[in-house]
Amino acid sequence: LEAERLERERLEAERAAAARLEAESVRPKVSRRAARRERREEKARRKEAERQAQEAARREKARLEAERKEAERQETERAEAERRETARAEAAQKEVEREEKARQEEARKAAEREAREEKARLKAARRQEEEAARAEAARAAAAQKEAQRAEAERLETVKQETARKEAERREAEREEAARLKAEQEEAAKRAAARKQAEREAERREKARQKEEARNERARLKAAEQSERLAKRQEAARLAAAREERASRDAAQREAVRLREARKLETAEVAPTADRDKRLRRRVVATLVGGSIVVVVLAVIIVAQNVRGDQGTPASSNAVDTPAASPAESLPPSPPTPSPPATSPPPAAEGTVAVPDLEGLSALEARAALLEAGLNYDGNIPTPGPAGVVLGSEPASGERVAEGTAVKIYIGAESDRLLEEETPG
């Protein structure tokens with residue numbers, strides 16, 4: 001604009017000079033010296049106008065260059081901020097993956113430790129069989145009283161454990177990390193106590209079988225039936241424990257998914273009150289579902305115990321068999337590897353085969369996955385018979401690493417399926 005203004009002034013000056021020259025040519029008395037002086041002055045004015053126009057153009061160019069450099073600097077700063085944000089998000093994702101791998105490794109080590117302890121228990125039981133063969137007849141009555149006392153203690157332990165878990169679930173949102181560690185320690189203690197009780201029960205069962213075989217051959221068949229019942233009860237207790245552990249794992253995965261969802265929402269946009277409320281409801285629903293499963297299993301165990309006490313024939317020389325377990329009220333066992341009491345899960349170079357789960361219920365599928373050394377990763381609703389497993393992912397027969405999470409496809413009728421939430 002300044003250059004245009006100067007150009008207009010120069011043109012006006014030229015027109016004025018031309019007018020003056022024309023007037024001078026009309027006036028013959030004007031001296032040539034004055035004309036030359038005016039021409040020089042006009043030429044100087046034109047040069048001054050051109051110089052001012054060049055100066056204005058130079059200033060405008062410098063201003064545009066400064067604005068361009070400032071825009072480049074701002075773009076560089078914005079790109080650097082985006083790079084730092086991307087690096088922070090990647091670091092958070094890697095940390096989450098590392099924690100998940102550590103948890104899976106801990107679960108695999110715990111399974112291996114349980115298998116070793118079970119093998120040691122079987123060896124100890126065989127040694128105790130030889131000692132029990134020399135026991136006197138009076139030990140039968142004492143063993144019966146000991147069994148009744150142990151059963152009462154076990155029922156009381158189940159009640160106390162159920163109450164403790166309810167209290168822990170109410171505090172899950174405030175003390176998540178501490179709760180997980182406490183549950184792991186408590187699970188180890190319960191496993192040790194359960195295995196000790198199983199060893200004692202098996203020792204008493206073997207002693208009773210030897211004594212009855214030596215005193216009366218006709219009681220051998222009843223003793224064998226009692227032994228088979230005890231094994232079924234033991235398998236049912238193991239299945240109940242695995243179901244409880246699967247419920248805790250589901251709650252843990254839901255909590256991990258909640259943390260990841262909150263991190264993603266914080267990185268993108270601020271979470272709304274409705275979204276937080278829905279997430280809290282999902283966590284509470286998962287925890288309540290797990291507690292209901294535990295309470296139902298405890299009620300079934302008590303009912304079967306009462307049923308077994310009423311149905312056992314009285315005998316002065318016989319020992320009462322252990323109380324019935326939820327195994328009799330559950331569907332038939334799935335065609336999966338036998339529980340650790342008889343043989344540990346097969347493993348070839350750290351891999352296991354995914355069991356065939358088709359036709360089983362959700363509870364049986366969970367138990368089969370845990371017995372095979374795999375983790376349960378939730379249900380996927382699929383059109384088909386309601387409550388029946390139709391397949392799995394990875395598929396059955398495929399060999400995967402121990403501790404791998406497996407999803408099951410379960411049949412559903414429109415909206416009646418209660419889909420279990422899974423992480424991610």
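Bear in mind that the values here come from a model prediction, so they are computed numbers and not experimental data.

J.: How do you make sense of the pairing of strand β5 (residues 405-412) when you look at a structure like this?
T.: On a regular strand, one side chain projects to one face of the sheet and the next to the other, so that they alternate. With seven bridges connecting them, strand β2 (residues 375-383) and β5 associate as parallel partners. Looking across to β5, one finds that proline 383 is bridged to alanine 412.

J.: Whenever I open this one, helix α7 (residues 362-371) confuses me. Can you help?
T.: Side chains of residues three or four places apart in an α-helix project in the same direction, reflecting 3.6 residues per turn. Of all the 10 residues making up α7, nine are buried; the element is thus mostly covered by neighbouring parts of the structure. Taken together, the buried positions of α7 are occupied by Ala362, Glu364, Ala365, Arg366, Ala367, Ala368, Leu369, Leu370 and Glu371. After α7 finishes, the residue glycine 373 shows a positive phi value of roughly 85 degrees.

J.: Mind showing me how you'd approach a nonpolar patch on the surface here?
T.: Taken together, the side chains of Val284, Val288, Ile292 and Val296 define a hydrophobic patch exposed on the protein surface, amounting to about 310 Å² of accessible area. Examined against the element boundaries, valine 296 turns out to sit in helix α6 (residues 273-311). We classify valine 296 as partly exposed; its relative accessible area is 43%.

J.: Can you help me understand the sheet that holds strand β3 (residues 389-393) in this one?
T.: Within a sheet, neighbouring strands are paired by backbone hydrogen bonds and run either parallel or antiparallel to one another. Pairing in this open sheet of three strands is mixed, and the strands run β2-β5-β3 from one edge to the other. Either end of the sheet is taken by a strand with one partner, and the two such strands are β2 and β3. Ignoring strand direction, the axes of neighbouring strands in this sheet form an average angle of 25 degrees. Lying on the sheet, α7 is in contact with β2, β3 and β5; it crosses β5 at an angle near 165 degrees.

How each quantity is defined
- Residues numbered from 1 in each chain as written.
- Predicted model: local features only at pLDDT ≥ 70, side-chain atom pairs only at ≥ 80, totals over all residues.
- Heavy atoms only, no water.
- Pairing = 2+ DSSP bridges.
- Helix = DSSP H or I, 4+ residues; strand = E, 2+ residues; numbered from the N terminus.
- Buried < 20%, exposed > 50% of the residue type's maximum accessible area, 1.4 Å probe, protein only.
- Patch = residues over 30% accessible without salt bridge, like charges linked within 9 Å, V, L, I, M, F, W, Y side chains within 5 Å.
- Areas by Shrake-Rupley, 256 points an atom, 1.4 Å probe, with all protein chains shown as cover.
- Salt bridge = Lys/Arg side-chain N within 4 Å of Asp/Glu carboxyl O.
- Axes fitted to C-alpha atoms, helices over the stretch in contact; angles between N-to-C directions.
- Contact = heavy atoms within 4.5 Å.

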